[in-house]
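Here is how the chains run, residue by residue.
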Amino acid sequence: MEMKIIFFLLSFTIFELSSAQLRVGFYSSSCPRAESIVKQVVQKRFRTDRSITAALLRMHFHDCFVRGCDASILIDSTKSKSSEKDAGPNLTVRGFELIDEAKRNLEAACPSSVSCADIITLATRDAVALAGGPAYNVPTGRRDGQVSDSSEVNLPGPSLSISDAAQFFTAKGLTLNDMVVLLGAHTVGVAHCGFFRDRLSDFQGRGKPDPTMDPALAARLLRICGTQSRPLNRDPTVFLDQNTSFIVDKQFYNQIKSRKGIMQIDQELALDKLSAPLVSRLAANDALFQQSFANAMIKMGRVEVLVGKAGEIRKNCRVFNPTKPKGRTG
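Residues numbered from 1 in each chain as written. Predicted model: local features only at pLDDT ≥ 70, side-chain atom pairs only at ≥ 80, totals over all residues. Heavy atoms only, no water.

Under an unreviewed UniProt entry, the name given to the protein chain is Peroxidase, and the organism recorded is Coffea arabica. Turning to the protein chain, the UniProt record has this under Function (unreviewed entry): "Removal of H(2)O(2), oxidation of toxic reductants, biosynthesis and degradation of lignin, suberization, auxin catabolism, response to environmental stresses such as wounding, pathogen attack and oxidative stress. These functions might be dependent on each isozyme/isoform in each plant tissue." (UniProt positions renumbered as here; feature names shortened; annotations may be inferred.)

Structure, rendered in structure tokens:
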């Protein structure tokens, strides 16, 4: 028991030291226009595709929860190695071409200076602000990971209980409250019917809809998605927030309080005694949600970061830098 405590404290200290090396304005000398270059790319995409906010939030989350925020999700698979990008939970992650464009522009301005990991963090921050969410400063200085393995991808699923899901977050140094706030990212974005179809007609194999879902919503979704035994040939998507689907605001929490959560884990947030009190506070106070969301995003962006001389600064976000041959000695 004593050894476990020592190991935890040591791990926590390492986490604190590494994240402390991040700082706002990290590129002020090495690449003064870094943040504005990323913002311009995001602004251009947002003008034609408001769904990019949800895409980047999902990419950022999926990256940080596997090996930390190190851009390992961006690596392309090779014939001999399947990367994180091709793991099941990541097959619907998108927005990679936006990161590529930002990286090309940064390489033209400041070669080998800005990490792909920081590009993801900055782009997500900018997309959140454009969608009506909080405008916040994020510390930078992350470096890119040199490992990406599809077998390491283990993310919380949409049917987990609140206590089980919370274990994923606490393992990354995040609290239950952080989880409730970060799941508020579902204020934008969509879900494929396959992730919640069982709730509509055969919840937990009982042949009936999930009793925690508003019956009118379940009936409407049933027409879109089909049943478990007779799903539609395609796998349609529906908005996770039925009210303000492209705006980062507190309406997601009002929705789940009205039993209109699409994903089971979303609805559980409003029902479980561990999370329900915070859901109520967030639903009643948009200023609280905005500030809490900014704080939680900053905190998530510090998870298991590589700093200093660890990792690398990739030239191309999709591939690791070539290994440098070792020089002769003697």
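Here, the residues flagged by UniProt with the feature "binding site: Ca(2+) 1" (unreviewed entry) are Asp63, Val66, Gly68, Asp70, Ser72 and Glu84. Despite a sequence span of 22 residues, these residues sit close together in the fold, their greatest C-alpha distance being 12.5 Å. Residue class for aspartate 63 comes out buried when judged on its relative accessible area of 1%. Those residues in contact with aspartate 63 that sit more than four places away from it in its chain are Gly68, Cys69, Asp70, Ala71, Ser72, Ile73 and Ile120. The residue serine 72 is located in the loop between helix 3 (52-64) and helix 4 (96-109) in this model. Residue serine 72 is classed as buried on the basis of its relative accessible area, which comes to 0%. Non-local contacts of serine 72, meaning those with residues more than four positions away in its chain, are made with Asp63, Val66, Arg67, Glu84, Val147, Ser148 and Arg314. In this structure the side chain of serine 72 is engaged in a polar contact, spanning 2.7 Å, whose partner is the side chain of aspartate 70. (Buried < 20%, exposed > 50% of the residue type's maximum accessible area, 1.4 Å probe, protein only. Contact = heavy atoms within 4.5 Å. Helix = DSSP H or I, 4+ residues; strand = E, 2+ residues; numbered from the N terminus. Polar contact = N/O pair within 3.5 Å; in protein donor to acceptor, adjacent residues only side chain to side chain.)

Let's shift gears to helix 9 (residues 215-225). Taken together, the buried positions of helix 9 are Leu217, Ala218, Leu221 and Cys225. Seen from one end, helix 9 has its buried residues packed into an arc of 95°, which puts them on one side. Every exposed residue of helix 9 that faces more than 90 degrees away from the buried side is listed here: Pro215, Ala216 and Arg223. (Arc of directions from axis to C-beta.)

Quick look at unusual backbone geometry now. A positive phi angle, near 65°, is found at alanine 71, a position not held by glycine. With respect to the helices and strands, the residue alanine 71 is situated in the loop between helix 3 and helix 4. Despite not being glycine, arginine 259 shows a phi value in the positive range, around 65°. Position of arginine 259 among the secondary structure elements: in the loop between helix 10 (251-257) and helix 11 (264-271).

Relative orientation of the contacting elements helix 2 (residues 34-48) and helix 4 amounts to 145°, with a least axis distance of 9 Å. The element helix 2 and its partner helix 4 pack so that their crossing is right-handed. Side by side, helix 2 and helix 4 meet where Ala34, Ile37, Val38, Val41, Val42, Lys44 and Arg45 of the first sit next to Glu97, Leu98, Glu101, Ala102, Asn105, Leu106 and Ala109 of the second. Split by residue class, the contact of helix 2 with helix 4 holds nine nonpolar, one polar and four charged. (Axes fitted to C-alpha atoms, helices over the stretch in contact; angles between N-to-C directions. Left-handed = near helix turned anticlockwise from the far one by under 90°. Nonpolar A, V, L, I, M, F, W, Y, C, P; charged D, E, K, R; others polar.)

Bringing the side chain of histidine 186 into the picture now. Within the element layout of this structure, histidine 186 appears in the loop between helix 7 (176-182) and strand 1 (190-192). Side chain to side chain, histidine 186 and aspartate 266 meet in a polar contact 2.8 Å long. Setting aside residues up to four positions removed in sequence, histidine 186 forms contacts with Leu240, Asp241, Phe252 and Asp266.

Time to look at the side chain of glutamine 290. Along the chain, glutamine 290 turns up in helix 13 (residues 286-300). The buried category is assigned to glutamine 290, whose relative accessible area is 14%. At 3.3 Å, the side chain of glutamine 290 forms a polar contact with the backbone oxygen of valine 248. Apart from the residues within four sequence positions on either side, glutamine 290 is in contact with Gly132, Gly133, Pro134, Val248 and Asp249.

With that out of the way, let us pick up the environment of aspartate 178. Within the secondary structure, aspartate 178 is located in helix 7. Each C-alpha atom, one on aspartate 178 and one on leucine 269, is 12 Å from the other, the two residues being 91 residues apart in sequence. Discounting chain neighbours no more than four positions away, the residues touching aspartate 178 are Ala296 and Lys299. Here threonine 175 takes part through its backbone nitrogen, which lies 2.9 Å from a polar atom of the side chain of aspartate 178. A polar atom in the side chain of aspartate 178 sits 2.8 Å from the side chain of lysine 299.

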